[in-house]
Amino acid sequence: MLDVLLDAVIDSIKILPFLFLAYLAMEWLESRESERTVRMIRKSGRFGPVAGGVLGILPQCGFSAAAANLYAGRVITVGTLLAVFLSTSDEMLPILFSETANGLSAAVIVKIVALKAGLGILIGLLVDTAVRKNHTGGDGLHIHDLCEHDHCHCEKGILNSALVHTLRMIAFIFAVTLVLGILIHVVGEDTISGLVLNRPVLGELLAGLVGLIPNCAASVVLTQLYVQGAMGGGAMMAGLFVSAGVGILVLCRTNHHLKENVWIISLLYITGVTAGMLVSALGWI
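Not measured: the values here are computed from a predicted model.

Considerations on the overall build of the chain
So, point 1. Along the chain, the regular secondary structure elements total 14 helices and 0 strands.
So, point 2. In sequence order, the secondary structure elements of the chain are arranged as α-α-α-α-α-α-α-α-α-α-α-α-α-α.
So, point 3. The buried share among the 285 residues of the chain stands at 48%.
So, point 4. Accessible area of the chain: about 12,900 Å², with a carbon and sulfur share of 68%.

Printed below as a string of structure tokens:
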């Protein structure tokens, strides 16, 4: 058990500088480009899902929440909202970037991001075509307003914010790594590999439910389970497709059409899980 604890500490320390640099770059991007991103997506018109899918992959704090608020104000289409939800990375990218120190291939990261953006664009365009109406008018919150609301401390400077994010994330990663290490030590690697999260269909269904949790912890857990070998690639993708961070929470809070919200979340889940099953069947991840 002491070895398990030591391994968790070493693994966490090993990725700490990579995690900090990733967050620092993302905070810099957030401080310079977030408002421009919102303006671009608002002006994209019928090509909103394309803009949403591409811009959604940029690791910007609160972007899915901003998209949910813009949809509630009927500034963007439902297809654009779904494109953002499906493509947004939340905490996935910094975790993946940091895991390159442990041998994770950059090609795998590119493939994951491309799949999320591609599915977001495809589903967004199909939904908008089916609905056949664009929502216009209204106003929305700025991303920095949402960051402040969620206590990201972005207003205190990018160095401070990056450090806060890094320390919180490294603590969470350490906890997940420790629990998985203990589990592997107690029950064995063979048993872990046979867990339900590694099984076709059931793994994707359960991972999709985890992805629906309106918190950054969902994407962290899903990514960590994958890199630790406790979850298959298809299940991870199913969960990450569905994982829109606090966007789902903001949608339910700001959009007062309950049936509409249920429909959007259900479509998000069904799409993400189905796509995850396809990824698993084709062996893409």
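Comments concerning the side chain of Gln 224
So, point 1. Its place among the elements puts Gln 224 in helix α11 (residues 216–227).
So, point 2. When sequence neighbours within four positions are dropped, the list of residues in contact with Gln 224 reads Ile 95, Glu 99, Ile 173, Val 176, Thr 177 and Leu 180.

Side note on the pattern of salt bridges
So, point 1. If you walk through the whole model with that rule in mind, you get 1 salt bridge.
So, point 2. Across the salt bridge formed by Glu 260 and Arg 74, the nearest N and O atoms sit 2.8 Å from each other. One end of the pair, Glu 260, is in helix α14 (residues 258–282); the other, Arg 74, is in the loop between α3 (63–72) and α4 (78–87), and 186 residues separate them in sequence.
So, point 3. A relative accessible area of 23% means that Glu 260 is categorised as partly exposed.

Observations concerning α4
So, point 1. The buried count for α4 comes to 10 of 10 residues, which makes it a mostly enclosed element.
So, point 2. Every buried residue belonging to α4 is among Val 78, Gly 79, Thr 80, Leu 81, Leu 82, Ala 83, Val 84, Phe 85, Leu 86 and Ser 87, and all of these are buried.

Re the environment of Gly 234
So, point 1. Turning to its location among the elements, Gly 234 is positioned in helix α12 (residues 233–242).
So, point 2. The buried category is assigned to Gly 234, whose relative accessible area is 5%.
So, point 3. Residues Gly 234 and Gly 283 lie 49 residues apart in sequence; the distance between their C-alpha atoms is 7.9 Å.
So, point 4. Excluding anything up to four places from it in sequence, Gly 234 contacts Glu 204, Gly 276, Val 279 and Ser 280.

Looking at the packing of helix α2 (residues 48–55) against helix α6 (residues 106–131)
So, point 1. Relative orientation of the contacting elements α2 and α6 amounts to 160°, with a least axis distance of 8 Å. Of the possible angle classes, the one that applies to α2 and α6 is roughly antiparallel. The two elements α2 and α6 cross, and the hand of that crossing is right-handed. Across the interface between the two elements, Pro 49, Val 50, Gly 53 and Val 54 from α2 touch Ala 117, Ile 121, Gly 124, Leu 125 and Asp 128 from α6.
So, point 2. Tallied by class, the residues present in the contact of α2 with α6 amount to 6 nonpolar, 2 polar and 1 charged.

Quick word on the confidence of the model for the chain
So, point 1. On average, residues of the chain carry a pLDDT of 80, and 80% of them reach 70 or more.
So, point 2. Within the chain, no element has a lower average pLDDT than helix α7 (residues 143–149), which sits at 47, and none a higher one than α14, at 96.
So, point 3. Below pLDDT 50 for its whole length, residues 135–151 participates in 42 contacts with residues either more than four positions away or in separate chains.

Some remarks on a nonpolar patch on the surface
So, point 1. Together, Leu 2, Leu 5, Val 9 and Ile 13 give the surface a local cluster of nonpolar side chains, amounting to about 380 Å² of exposed area.
So, point 2. Along the chain, the position of Val 9 falls in helix α1 (residues 2–42).

Some thoughts on unusual backbone geometry
Negative phi characterises most residues that are not glycine, and trans characterises most peptide bonds.
So, point 1. Even without being a glycine, Val 201 presents a positive backbone phi close to 70°.
So, point 2. Judged by its relative accessible area of 43%, Val 201 is partly exposed.

Let's talk about the nonpolar core
Note that soluble globular proteins tend to have their nonpolar side chains buried in a common cluster.
So, point 1. Counting 53 residues, the largest nonpolar core has Leu 81 and Phe 85 as the members making the most contacts within it.
So, point 2. Residues in contact with Phe 85, not counting those within four places in the same chain, are Ser 64, Ala 68, Phe 241, Ser 243, Ala 244, Gly 247, Ile 248, Leu 251 and Leu 268.
So, point 3. If you look at the next biggest cluster of nonpolar residues, it comprises 9 residues, including Ile 15, Tyr 23, Ile 95 and Val 220.

Here we look at the side chain of Glu 204
So, point 1. Residue position: Glu 204 is located in helix α10 (residues 202–211).
So, point 2. The buried charged residue Glu 204 lacks any salt bridge, with Arg 199 as its nearest oppositely charged partner at 11 Å.

What to know about α10
So, point 1. Looking at α10, one finds that the buried residues are Gly 203, Glu 204, Ala 207, Gly 208 and Gly 211. Each buried residue of α10 sits inside an arc of 130° when the element is viewed along its axis, so together they form one side.

Remarks on the packing of α12 against α14
So, point 1. Here α12 crosses α14 at 155°, and the two axes come no closer than 7 Å. Taken together, the axis directions place α12 and α14 in an arrangement best described as roughly antiparallel. Note that α12 runs across α14; the crossing there is right-handed. Two secondary-structure elements touch here, α12 through Gly 233, Gly 234, Met 237, Ala 238, Phe 241 and Val 242 and α14 through Leu 268, Tyr 269, Gly 272, Val 273, Ala 275, Gly 276, Val 279 and Ser 280.
So, point 2. Of the residues assigned to the contact of α12 with α14, the class counts are 9 nonpolar, 5 polar and no charged.

Criteria and thresholds
- Counting starts from 1 at the beginning of each chain's written sequence and moves along it residue by residue.
- At least 70 in pLDDT is required for a residue's local features to be given in this predicted model, at least 80 for side-chain atom pairs to be given and counted, and no such filter applies to totals for whole chains, interfaces and linings, which use all residues.
- Side-chain descriptors were evaluated using all non-hydrogen atoms of the structure, hydrogens and water having been removed beforehand.
- Secondary structure is summarised from DSSP: a helix means a run of H or I of at least four residues, a strand means a run of E of at least two, and numbering begins at the N terminus for each.
- Buried residues are those whose accessible area, probed at 1.4 Å on protein chains only, stays under 20% of the maximum for their type, while exposed residues exceed 50% and partly exposed ones sit between those limits.
- Using the Shrake-Rupley algorithm and a 1.4 Å probe, accessible areas are obtained, with residue cover drawn only from the displayed protein chains.
- For this analysis, residues touch if any pair of their heavy atoms sits within 4.5 Å.
- When a carboxyl oxygen of Asp or Glu is within 4 Å of a side-chain nitrogen of Lys or Arg, the pair counts as a salt bridge.
- All axes are obtained by fitting lines to C-alpha atoms, using only the stretch in contact for helices, and the reported angles, taken between N-to-C directions, cover 0 to 180 degrees.
- Comment on the angle field: the value is read as roughly parallel under 35 degrees, roughly antiparallel over 145, roughly perpendicular from 65 to 115, and oblique elsewhere.
- Left-handed is the label given to a crossing in which the near helix is rotated counterclockwise from the far helix by less than a right angle, and right-handed is the label when the rotation is clockwise.
- Charged means Asp, Glu, Lys or Arg here, nonpolar means Ala, Val, Leu, Ile, Met, Phe, Trp, Tyr, Cys or Pro, and polar covers whatever is left, Gly included.
- pLDDT: the predictor's confidence for each residue, scored from 0 to 100.
- Within this analysis, patches are made of residues with over 30% relative accessible area and no salt bridge. Like charges are joined at 9 Å or less; nonpolar side chains (Val, Leu, Ile, Met, Phe, Trp, Tyr) at 5 Å or less.
- Residues grouped as a nonpolar core are buried Ala, Val, Leu, Ile, Met, Phe, Trp, Tyr and Cys residues, joined through side-chain atoms within 4.5 Å.
- When charges are counted, Lys and Arg contribute as positive and Asp and Glu as negative, whereas His and the chain ends are disregarded.
- Think of the arc as the fan of directions from the helix axis to the C-beta atoms.

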